[in-house]
Amino acid sequence: MPRLGHTVHAAPDPAAAAVRRVAVRLAALTVGLLLILLAGIVVAVYVTAHSLTLGSLQDLVRSGAQHQVSHLREALQSESGDGSAAPEVEGESSGVAISFATNRLTFLGGSAAQFGASLPDRAAAADAVRHGATRFSQVRVGADSYVIYTLPVRDTGRVVGVIQAAASTRQYDQGMRDLLEVLLAVGTLGLLASAAIATLVTRRALAPIRISMRRQRDFVADAAHELRTPLTILHSAVEIGLSSDTSSEQEDALSQALVESRHLARLIDDLSLLARADSGALALDMQPVDLEKLVSETLNGVEMLAEDQGVRLETSVNGAVRVLGDRGRLRQLLVIVLDNALKHTPSGGAISVIVTEANGKARLRIQDTGPGIEPRDLPRLFDRFYRAKGDRGMDGGGLGLAIARWIVEAHGGSIEAANAAPHGALFSISLPLLVQAHHSPLAPLTFL
């Protein structure tokens with residue numbers, strides 16, 4: 001049972017989280033492509049239907065106007081000769097209203113009662129008389145819209161009158177609205193169905209990857225466990241050999257074997273730690289932690305090593321900064337970053353640790369005065385087994401900073417590396433303050 005005030009929980013599984021992110025991205029990509037495809041189909045169907053329906057309506061009014069040409073000529077050539085006789089409207093096409101006018105746009109009559117004693121589109125009629133060309137136009141009367149076809153009538157080569165045929169677009173507009181609603185409904189249902197199918201297919205497609213990652217993780221954990229016992233035996237045997245009377249050559253060989261066995265032991269411990277972290281089996285003992293005390297204790301632990309290298313350790317804490325965390329893991333985090341800084345700081349240099357708080361976060365800045373980090377190494381600095389070009393001759397297995405990132409992310413924080421000015425490396429660590437944990441106990445545990 002955890003002690004009062006402590007919260008023990010398992011750290012999240014980064015491998016499973018990575019697979020979930022990949023699954024979400026693949027499903028989103030699939031749905032996005034289907035959305036584009038469905039949108040293209042909807043637009044194509046709507047535009048095609050619009051073109052066909054409007055073309056049919058235009059054919060209707062054109063036919064209606066052409067059918068009335070002879071009646072307008074007869075009226076203009078009547079005995080009165082002044083164009084006062086109103087032409088008869090015969091054989092009117094269904095839904096098409098006809099209006100007649102002279103070449104001076106004097107209204108002669110027709111069946112377009114909804115437009116009164118005037119042409120539906122006088123401007124179009126004037127343009128047709130002036131240029132002698134037919135044209136389509138559209139006018140609105142009240143709540144209705146009409147398609148107008150203007151036809152100039154010629155006699156002996158000159159325009160003697162004009163006919164305008166009009167048809168309401170009400171049914172056409174309603175039909176297009178109904179079609180659009182149907183297309184949107186079908187498209188939405190298709191998109192929802194495709195999203196469900198894409199999610200299912202993606203999960204099944206990634207299942208072998210999840211299994212492979214779990215097997216790889218289990219293999220690493222099992223291998224680390226199995227290697228620890230023989231390595232301990234080998235380590236003890238080498239120490240016994242060193243304690244007995246040996247020649248200088250044998251002593252050198254045994255000393256080298258002891259160094260390498262210690263290095264291998266650290267590597268196995270790191271692999272075991274990451275394997276347990278990946279499986280979610282590694283629990284964190286969450287409790288209030290005073291970062292000022294933690295930093296001071298950690299610096300005291302590495303102070304002797306820093307003195308041997310001629311490196312100064314400097315610290316600055318801006319007031320009491322407390323977080324909710326696993327004290328042991330946070331100390332391990334500081335040791336990893338400080339050890340990395342010591343490896344790259346030359347004699348006479350300095351390492352500074354600054355602790356502040358801002359925007360509800362505790363912030364640690366660990367800066368050295370070394371040569372800094374190559375820009376090409378920055379994106380992969382926290383990857384497992386990745387070692388920068390300048391680190392390949394140094395002790396270590398390339399897992400330290402990967403463990404540091406896991407510790408920070410397991411606490412709901414973040415870690416970044418950059419180059420400091422004028423030179424040196426800068427590691428910035430951000431952790432949720434303890435006050436956030438009091439107001440929202442689940443906040444640091446859900447790792448948002």
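Criteria and thresholds
Residues numbered from 1 in each chain as written. Predicted model: local features only at pLDDT ≥ 70, side-chain atom pairs only at ≥ 80, totals over all residues. Heavy atoms only, no water. Helix = DSSP H or I, 4+ residues; strand = E, 2+ residues; numbered from the N terminus. Buried < 20%, exposed > 50% of the residue type's maximum accessible area, 1.4 Å probe, protein only. Contact = heavy atoms within 4.5 Å. Areas by Shrake-Rupley, 256 points an atom, 1.4 Å probe, with all protein chains shown as cover. Pairing = 2+ DSSP bridges. Axes fitted to C-alpha atoms, helices over the stretch in contact; angles between N-to-C directions. Phe/Tyr/Trp six-rings, centres within 6.5 Å; stacked < 30°, edge-to-face > 60°. Expected span 1.5 Å × (residues − 1). Polar contact = N/O pair within 3.5 Å; in protein donor to acceptor, adjacent residues only side chain to side chain. Core = buried A, V, L, I, M, F, W, Y, C linked by side-chain atoms within 4.5 Å. Salt bridge = Lys/Arg side-chain N within 4 Å of Asp/Glu carboxyl O. Parallel < 35°, antiparallel > 145°, perpendicular 65-115°, else oblique. Left-handed = near helix turned anticlockwise from the far one by under 90°. Nonpolar A, V, L, I, M, F, W, Y, C, P; charged D, E, K, R; others polar.

Caption draft 1: Expanded view of the overall build of the protein chain. Within the protein chain, the secondary structure is distributed over 10 helices and 13 strands. A buried classification covers 37% of the 448 residues belonging to the protein chain. The long-range share in the protein chain, meaning contacts at least 24 apart out of those at least 6 apart in sequence, stands at 65%. With the model as given, the accessible surface of the protein chain reaches about 24800 Å², and the carbon-plus-sulfur share is 57%.

Caption draft 2: Expanded view of the sheet that holds strand β2 (residues 96-102). Across the sheet, five strands lie side by side as β3-β2-β6-β5-β4; this open sheet has antiparallel pairing. The open sheet has two edge strands with one neighbour each: β3 (107-110) and β4 (135-141). Neighbour-to-neighbour, the strand axes of the sheet open up by a mean angle of 25°, direction not taken into account. Pairing geometry for β2 and strand β6 (residues 158-168), over seven bridges, is antiparallel. The residue of β6 that forms the bridge with Ala101 is Val162. Here helix α2 (residues 69-76) sits on the sheet and contacts β2, β3, β5 (144-155) and β6; the angle it forms with β6, its principal contact strand, is near 135°.

Caption draft 3: How the structure looks around the packing of aromatic side chains. Inspection of the entire model under this criterion finds three aromatic pairs. Relative to Tyr146, the ring of Phe115 lies with its centre 5.1 Å away and its plane at 65°, an arrangement referred to as edge-to-face. Here Tyr146 lies in strand β5 and Phe115 lies in the loop between β3 and α3 (122-131), a separation of 31 residues in the sequence. According to the relative accessible area criterion, Phe115 is buried, its value standing at 12%.

Caption draft 4: Summary view of helix α7 (residues 327-344). For α7, with 18 residues, the first-to-last C-alpha span of 26 Å sits near the 26 Å given by 1.5 Å per residue. Restricting attention to buried positions, one finds in α7 the residues Arg329, Leu330, Leu333, Leu334, Ile336, Val337, Leu338, Asn340, Ala341, Leu342 and His344. Backbone nitrogen of Gly328 and a side-chain oxygen of the N-cap are separated by 3.1 Å at the start of α7; the cap is Asp326.

Caption draft 5: Seen up close, the nonpolar core. Ranked by internal contacts, the top residues of the largest apolar core, which has 49 residues, are Leu291, Leu333, Leu364, Trp406, Phe427 and Ile429. In terms of residue count, α7 provides more of this core than any other element does, eight residues in total. Beyond its immediate chain neighbours, meaning those up to four positions away, Phe427 contacts Val337, Asn340, Leu364, Arg365, Ile366, Leu381, Phe382, Leu401, Ile415, Glu416 and Ala417. One finds Val69, Leu72, Leu76 and Ala165 within the second-largest nonpolar core, a separate group that totals 18 residues.

Caption draft 6: Focus on the pattern of salt bridges. Tallied over the entire structure, the rule returns nine salt bridges. Taking the shortest distance from any N to any O, the salt bridge between Glu314 and Arg312 comes out at 3.4 Å. Salt-bridge contacts for Asp339 lead to Lys343; the nearest nitrogen and oxygen are separated by 3.6 Å. Here Asp339 pairs with Lys343, and both are found in helix α7, just four residues apart, close to one helical turn. On the basis of relative accessibility, which here comes to 32%, the residue Asp339 falls in the partly exposed class. A single network of salt bridges, built from pairs that share partners, joins Asp127, Arg130 and Arg135.

Caption draft 7: How the structure looks around the pairing of β2. Here β2 lies mainly inside the structure; seven of its seven residues are buried. Burial of the side chains of β2 extends over both faces: Val96, Ile98, Phe100 and Thr102 are buried on one face and Ala97, Ser99 and Ala101 on the other. In terms of strand pairing, β2 meets β3 through three bridges, oriented antiparallel. The residue bridging Ser99 from the neighbouring strand is Gly110, located in β3. Counting the residues in the hairpin turn of β2 and β3 gives four residues, including Leu105, whose phi is positive at 65°.

Caption draft 8: Representation of the packing of helix α6 (residues 291-308) against α7 within the structure. One way to put it is that α6 packs onto α7 with a least axis distance of 10 Å and a crossing angle of 40°. Comparing their axes, α7 and α6 come out oblique. In this structure, the crossing between α6 and α7 has a hand that is right-handed. Contacts between α6 and α7 involve Lys293, Leu294, Val295, Glu297, Thr298, Leu299, Val302, Leu305 and Ala306 from the first element and Arg327, Leu330, Arg331, Leu334, Val335, Leu338 and Leu342 from the second. Split into classes, the residues belonging to the contact of α6 with α7 amount to 11 nonpolar, one polar and four charged.

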